[in-house]
Amino acid sequence: MVDCKNSNNAMQSSHQASTSVLGTFVFKVSGNVDLSSCSARLTGSSSSSCSLFGNAEQSLNLDWKMFGEAFYSVEPMFFKPEKPMSFCPNSSSSSPSPPDVNPKPPSISLPPAPFEDASSCTHDQWAKPEHLCYWKFLSPNETAREAFGPALAQGYGNATLMDALNGKRIDAEWPYRSRAYRGLLRETVTALLNSYSSKFKYSPFTVVAQFTDVISSNSSRAAAKLAHEFQTANSGGKCLLQTCK
C-alpha cells in the first residue's frame, strides 16, 4: 500500500498493489500528483508462516522525471517468520555445546543447479513430469494470480501455471481467453522458467517487466507479438533438461 498525506499529515490518497513472483510491485498514478510525501508499506503476507513485519515501511525515492512523467522506487521491504527457519543458526545465551567431530551435513533437497551453458526449452518440455525438479521459485499448481499478482493476472481466472503450459482452455474473462492472451501466458511462464535455470536471452526481471507492459496496454496485438518473441527465444536453442532423479 502506498499512502500519501498532505501538509497537515492527513491522509490524502492510497494506492494498492500486489507483488509479482519476483517480489516487485508496480502501479500507475495518473494526473499531476506529487508523490514526494508518500510512503510504501506492507499490508499482508501470502504465507502464514512468514507474516511478521520486518522492514515494513519505506519512503518513496524519485529516480527520474521527464516529459511529464516520473518514476519512484522504494528500498526493499520484507516479512519474516516467527521463528528462525531450520537451516538458520539458532542464537542462545547458554554456553555452546562442543562441536561434533564428524558432523553430518544437513539433509536438504535442492533443485538442480542452474545450467552453466545456455538452455532454452519449450512449454511442452517444461510440462513433462520428469522435469518438475527443475522448477525454481514457481510451482506447477500455482495460479497465474498467485505468481504474477492479481493486478497483472486477474483476467486469467484460476488457471494454474501448468494449465498455461498445456494450453488448457481457461475459464477467464475476455480477451484473456483468446488465443493471443493464452499464448502470452504460456510463453511468459516458459520464458520465466528458462530464465531461472540458465543463461537465457531474457532475465526474470525482463520477462515480468515486458509481461507487465503488455497487460497494461490492453492490446491483443501486443500480446500476440510478445508471445511470439518469447516463443522464438524459448525454442531457439538447445534444451538441457534431463529426467529428474
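The rules we used
Residues numbered from 1 in each chain as written. Predicted model: local features only at pLDDT ≥ 70, side-chain atom pairs only at ≥ 80, totals over all residues. Heavy atoms only, no water. Axes fitted to C-alpha atoms, helices over the stretch in contact; angles between N-to-C directions. Helix = DSSP H or I, 4+ residues; strand = E, 2+ residues; numbered from the N terminus. Parallel < 35°, antiparallel > 145°, perpendicular 65-115°, else oblique. Left-handed = near helix turned anticlockwise from the far one by under 90°. Contact = heavy atoms within 4.5 Å. Nonpolar A, V, L, I, M, F, W, Y, C, P; charged D, E, K, R; others polar. Salt bridge = Lys/Arg side-chain N within 4 Å of Asp/Glu carboxyl O. Buried < 20%, exposed > 50% of the residue type's maximum accessible area, 1.4 Å probe, protein only.

Visitor: When you look at the packing of helix 6 (residues 204–217) against helix 7 (residues 220–234) in this model, what are you seeing that I'm missing?
Guide: Working note: a packed helix pair is described by the angle between its axes plus the distance between those axes. Running from N to C, helix 6 and helix 7 point in directions that differ by 160°, and their axes come no closer than 9 Å. Overall, the two elements helix 6 and helix 7 adopt an arrangement that is roughly antiparallel. Crossing of helix 6 over helix 7 shows left-handed handedness. Residue-level inspection shows Val 207, Gln 210, Phe 211, Val 214 and Ser 217 of helix 6 in contact with helix 7, the latter providing Ala 222, Ala 223, Leu 226, Glu 229 and Phe 230.

Visitor: How should the packing of helix 5 (residues 179–197) against helix 6 be read in this particular structure?
Guide: Put simply, helix 5 and helix 6 touch, their axes get as near as 8 Å, and they point 165° apart. Regarding the angle of helix 5 to helix 6, the classification is roughly antiparallel. Between helix 5 and helix 6 lies a crossing of left-handed hand. Each of Tyr 181, Leu 184, Thr 188, Ala 191, Leu 192, Ser 195 and Tyr 196 in helix 5 lies in contact with helix 6, whose residues at this interface are Pro 204, Val 207, Val 208, Phe 211, Val 214 and Ile 215. When grouped by side-chain class, the residues that make up the contact of helix 5 with helix 6 number 11 nonpolar, 2 polar and no charged.

Visitor: Just to check I follow, could you spell out the pattern of salt bridges for this structure?
Guide: Opposite charge on two side chains permits them to pair, given that their charged atoms come into close proximity. Taken as a whole and judged by the stated rule, the model has 3 salt bridges. With a shortest N-O distance of 2.8 Å, Glu 187 and Arg 186 are connected by a salt bridge. One salt bridge in this structure joins Lys 225 and Glu 229, with 2.6 Å as the shortest N-O distance. One end of the pair is Lys 225 and the other is Glu 229, both in helix 7 and 4 residues apart, which spans about a single turn. For Glu 229, a relative accessible area of 27% translates into the label partly exposed.

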